Amino acid sequence: MSQGGLHSLATIIKRLEAATSRLEDLTVTQASNTAPKRDDGSADKGSTNSFSAPPAPPPPPPPPPAPTMAKIPRSVEVFDENIIDGKLKAFVNLTKSFASPVVIEQVGYVESAFKNLRSAILTASSCTKADAKAISVLLEPLSKDVMAVLQVPEKNRKERVWFNHLQVIAEGTPSLGWIEIEPKPGPHVAQMKESAEFYGNKVIKEFKDKDAKHVEWVRAWISLLEEQRKYVMEFHTTGLVWNPKGVSLSQYSGGSTSASAPPPPPPPPATASAPSSSTGIGAVFDELNRGGEVTKGLRKVDKSEMTHKNPDLRVSNVVPASEKASPKRPVKPSKPASLSGKKPSKFALEGNKWFIEYQENESGLIVENAEINQTVNLFACKNTTVLVKGKVNAVTLVNCTKTSVLVESVISTISVTNSPSFALQITGAAPTIQLDSTDSGQIYVSKESLGVEITTAKCSSINVSLPVEGEEDGVFVERAVPEMLRTTIKDGKLVTTIVEHSG
């Protein structure tokens with residue numbers, strides 16, 4: 001072989017070696033790119049595991065931001081400053097310093113009522129005006145407190161020393177009802193304050209020479225009511241002020257609830273339940289966990305099998321099996337929900353007749369500007385007080401319970417039918433009062449109405465309070481309407497006279 005041919009063969013071999021080396025490098029590079037990556041820390045430790053470690057759990061979400069409290073409106077700040085932390089706090093502390101437990105209990109209801117009134121004012125400052133039903137729900141705690149205050153004197157009529165004190169509070173507490181009155185709530189507060197002053201003057205007259213604390217206590221209560229009147233005239237002149245740019249009452253209630261209550265904790269992880277034991281104490285608990293079905297297989301015991309009704313069975317200790325199981329009694333059908341609800345209340349003037357129906361626990365119903373040709377009709381009211389301003393033709397009460405009516409003057413008749421525990425006060429004149437099928441009633445007449453004629457039929461426990469001549473207004477003497485009659489026959493006729501008892 002020539003020298004040129006050897007040179008060409010060496011050159012080819014070198015080129016083949018270079019190509020082979022190049023191919024090897026490419027193969028190694030591709031293998032390193034497709035191999036699974038390992039954590040650097042694992043490689044340093046010489047770990048032979050080719051899989052990566054599981055990822056760390058994500059951090060828990062941050063807690064929701066705490067709800068920011070809106071700025072308290074000026075009307076609530078003044079209420080807190082002048083009434084809650086001012087007059088009310090001083091009055092409560094004074095009461096606790098010397099009064100009897102029953103008065104302290106009543107004043108505790110008053111304190112709660114003012115705080116619920118404050119809560120209602122705060123809610124109204126953040127909400128648009130709601131309908132009557134929603135407002136009634138909002139004011140329900142306040143109404144309960146007011147009713148509790150009014151019930152204390154009724155339950156403690158035998159309390160001689162402190163009864164006038166209880167009446168002072170009971171007469172002034174309905175002033176908190178201004179929150180439902182439009183367009184002039186201020187005069188309502190003033191009127192209730194004057195009612196409280198009537199009994200307050202009695203307390204002052206009795207204790208002014210005995211104990212000055214009683215006088216101070218009465219004046220502190222009247223001062224609290226006067227402070228409330230000033231507050232109402234300044235911030236709620238025409239009625240409770242709502243926020244026209246606020247949220248609805250339902251949204252406000254729901255939002256406050258969700259903001260105040262933290263979210264519930266997550267449920268615990270499910271665990272494999274242990275197999276229940278079929279014997280021993282485990283079986284007993286398994287049966288108890290069945291709930292109402294545990295007694296499903298029991299039968300009703302007949303009267304003949306009851307040992308306490310059959311003494312012979314106690315001797316033998318054997319209860320004979322009943323021949324025939326007692327038949328099941330028919331289930332009394334429940335009243336439909338549509339019929340069990342309360343009927344809607346009504347307070348309206350239709351034509352020349354005022355209709356006040358199905359009112360319950362209302363202490364401030366006022367018939368304003370009544371005219372001489374109008375009649376006022378109350379039907380099925382309960383625990384309600386109605387004030388009739390002006391002279392009307394007639395007033396009727398039918399099927400009312402614990403209802404009080406204060407009327408100025410009546411032209412014809414005041415009629416009370418089937419209305420137990422009523423109270424009627426006449427400040428002007430009235431010619432006739434008719435009572436029918438009514439038990440327990442109180443009638444207060446004025447000096448102008450001493451000529452009234454009272455007729456009764458099927459009535460009992462009717463008392464008439466007459467003004468005492470020569471005394472100041474508001475001093476009454478109580479007289480009972482006779483109930484026992486004597487009937488004799490004279491000349492073929494029945495002659496009935498009143499039975500009088502001589503002591």
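Look up: the structure comes first, before these words.
What counts and what doesn't
- Residues numbered from 1 in each chain as written.
- Predicted model: local features only at pLDDT ≥ 70, side-chain atom pairs only at ≥ 80, totals over all residues.
- Heavy atoms only, no water.
- Salt bridge = Lys/Arg side-chain N within 4 Å of Asp/Glu carboxyl O.
- Helix = DSSP H or I, 4+ residues; strand = E, 2+ residues; numbered from the N terminus.
- Buried < 20%, exposed > 50% of the residue type's maximum accessible area, 1.4 Å probe, protein only.
- Pairing = 2+ DSSP bridges.
- Core = buried A, V, L, I, M, F, W, Y, C linked by side-chain atoms within 4.5 Å.
- Contact = heavy atoms within 4.5 Å.
- 1 Å grid on protein atoms, 1.4 Å probe; cavity = no way out; pocket = protein on both sides within 12 Å on 5 of 7 lines; lining within 4 Å.
- Points joined across faces, edges and corners; volume = space filled by probe spheres on them.
- Nonpolar A, V, L, I, M, F, W, Y, C, P; charged D, E, K, R; others polar.
- Axes fitted to C-alpha atoms, helices over the stretch in contact; angles between N-to-C directions.
- Parallel < 35°, antiparallel > 145°, perpendicular 65-115°, else oblique.
- Disulfide = S-S within 2.5 Å.
- Polar contact = N/O pair within 3.5 Å; in protein donor to acceptor, adjacent residues only side chain to side chain.

Caption draft 1: Highlighting the pattern of salt bridges. For the structure shown, the criterion picks out 9 salt bridges. In this structure, the salt-bridge partner of Lys-129 is Glu-182, at a minimum N-O distance of 2.9 Å. On the criterion of sequence distance, the pair formed by Lys-129 in the loop between α4 (101-124) and α5 (132-138) and Glu-182 in the loop between α7 (163-172) and α8 (185-207) is long-range, its members being 53 residues apart. We classify Glu-182 as partly exposed; its relative accessible area is 49%. The shortest N-O distance in the salt bridge between Glu-226 and Lys-193 comes to 2.9 Å. Taken as a pair, Glu-226 in helix α9 (residues 212-235) and Lys-193 in helix α8 lie far apart in primary sequence, 33 residues in all. The pair Glu-226 / Lys-193 is uniform in exposure class, with both members buried. Through salt bridges that share partners, Lys-193, Glu-226 and Arg-229 make up one connected network.

Caption draft 2: Geometry of the pairing of strand β13 (residues 460-467). Relative to β13, strand β11 (residues 439-444) runs parallel, the two being bridged by 5 bridges. Each residue of the ladder has a partner; that of Asp-439, found in β13, is Ser-460. Judged from the 5 bridges that link them, β13 and strand β14 (residues 476-480) form a sheet pairing that is antiparallel. Residue pairing for β14: Leu-466 is matched across the bridge by Val-477.

Caption draft 3: Region of the structure containing the nonpolar core. Counting residues in hydrophobic clusters, the biggest one holds 55 residues, and the most contacted among them are Phe-114, Leu-117, Trp-217, Trp-221 and Tyr-231. Mapped onto this core, the elements with two or more residues apiece are α3 (74-98), α4, α6 (140-155), α7, α8 and α9. When near neighbours in sequence (up to four residues on either side) are disregarded, Tyr-231 contacts Ser-75, Val-78, Phe-79, Ile-83, Ile-121, Trp-178 and His-236. Ile-356, Leu-365, Leu-435 and Val-452 belong to the second-largest nonpolar core, a separate cluster that totals 31 residues.

Caption draft 4: Here's a closer look at the layout of surface pockets. Each pocket or cavity is described by its volume, and for the second largest pocket that value is around 1800 Å³. Taken together, 47 residues make up the lining of the second largest pocket; nearest its centre are Ser-136, Glu-180, Gln-359, Glu-362 and Leu-365. Contributing elements (two or more residues each) for the lining of the second largest pocket: α5, α6, α8, β3 (365-367) and β5 (382-392). For the lining of the second largest pocket, the element with the most residues is α6, which contributes 6 residues. For the lining of the second largest pocket, the per-class residue count stands at 23 nonpolar, 11 polar and 13 charged.

Caption draft 5: Structural view of the packing of α7 against α9. It is the contact of α7 with α9, at a shortest axis distance of 11 Å, that shows an interaxial angle of 5 degrees. Comparing their axes, α9 and α7 come out roughly parallel. On the side of α7, the interface is formed by His-165, Val-168, Ile-169 and Gly-172, while α9 contributes His-214, Trp-217, Trp-221 and Leu-225. Across the contact of α7 with α9, the residue classes tally to 5 nonpolar, 3 polar and no charged.

Caption draft 6: Geometry of the state of the cysteines. If you walk through the whole model with that rule in mind, you get 0 disulfides. There is no disulfide at Cys-381, and the cysteine sulfur nearest it, in Cys-400, is 4.5 Å away.

Caption draft 7: Examining the side chain of Asp-80 more closely. Tracing the chain through its elements places Asp-80 in helix α3. Side-chain polar atoms of Asp-80 contact the side chain of Arg-118, separated by 2.9 Å. If we ignore the near neighbours within four places in the chain, the residues touching Asp-80 are Asp-85, Gly-86 and Arg-118.

Caption draft 8: Representation of the packing of α4 against α7 in the model. Between α4 and α7, whose axes approach to 10 Å, the crossing angle comes to 10 degrees. With respect to α7, the axis of α4 lies roughly parallel. Between α4 and α7, the contacting residues are Val-102, Val-103, Gln-106 and Val-110 on the first element and His-165, Leu-166, Ile-169 and Ala-170 on the second. Residue classes in the contact of α4 with α7 are distributed as 6 nonpolar, 2 polar and no charged.

Caption draft 9: Focus on the side chain of Lys-193. A residue is classified by how much of its surface remains accessible, and Lys-193, at 16% relative accessible area, is buried. Those residues in contact with Lys-193 that lie beyond four places of it in its chain are Ile-222, Leu-225 and Glu-226.

Caption draft 10: Representation of the environment of Leu-494 in the model. Note that Leu-494 resides in strand β16 (residues 493-498). Overall, Leu-494 belongs to the exposed group, its relative accessible area being 65%.

Caption draft 11: Just the sheet that holds strand β6 (residues 394-398), in detail. Ordered in space as β1-β2-β4-β6-β8-β10-β12, the 7 strands form an open sheet in which the pairing is mixed. Because the sheet does not close on itself, it has two edges, and the strands there are β1 (346-350) and β12 (453-457). Here the average twist between neighbouring strands, direction ignored, is 10 degrees. The sheet contact formed by strand β4 (residues 375-379) and β6 spans 5 bridges and is parallel. Considered in β6, the bridge of Thr-375 is made with Ala-394.

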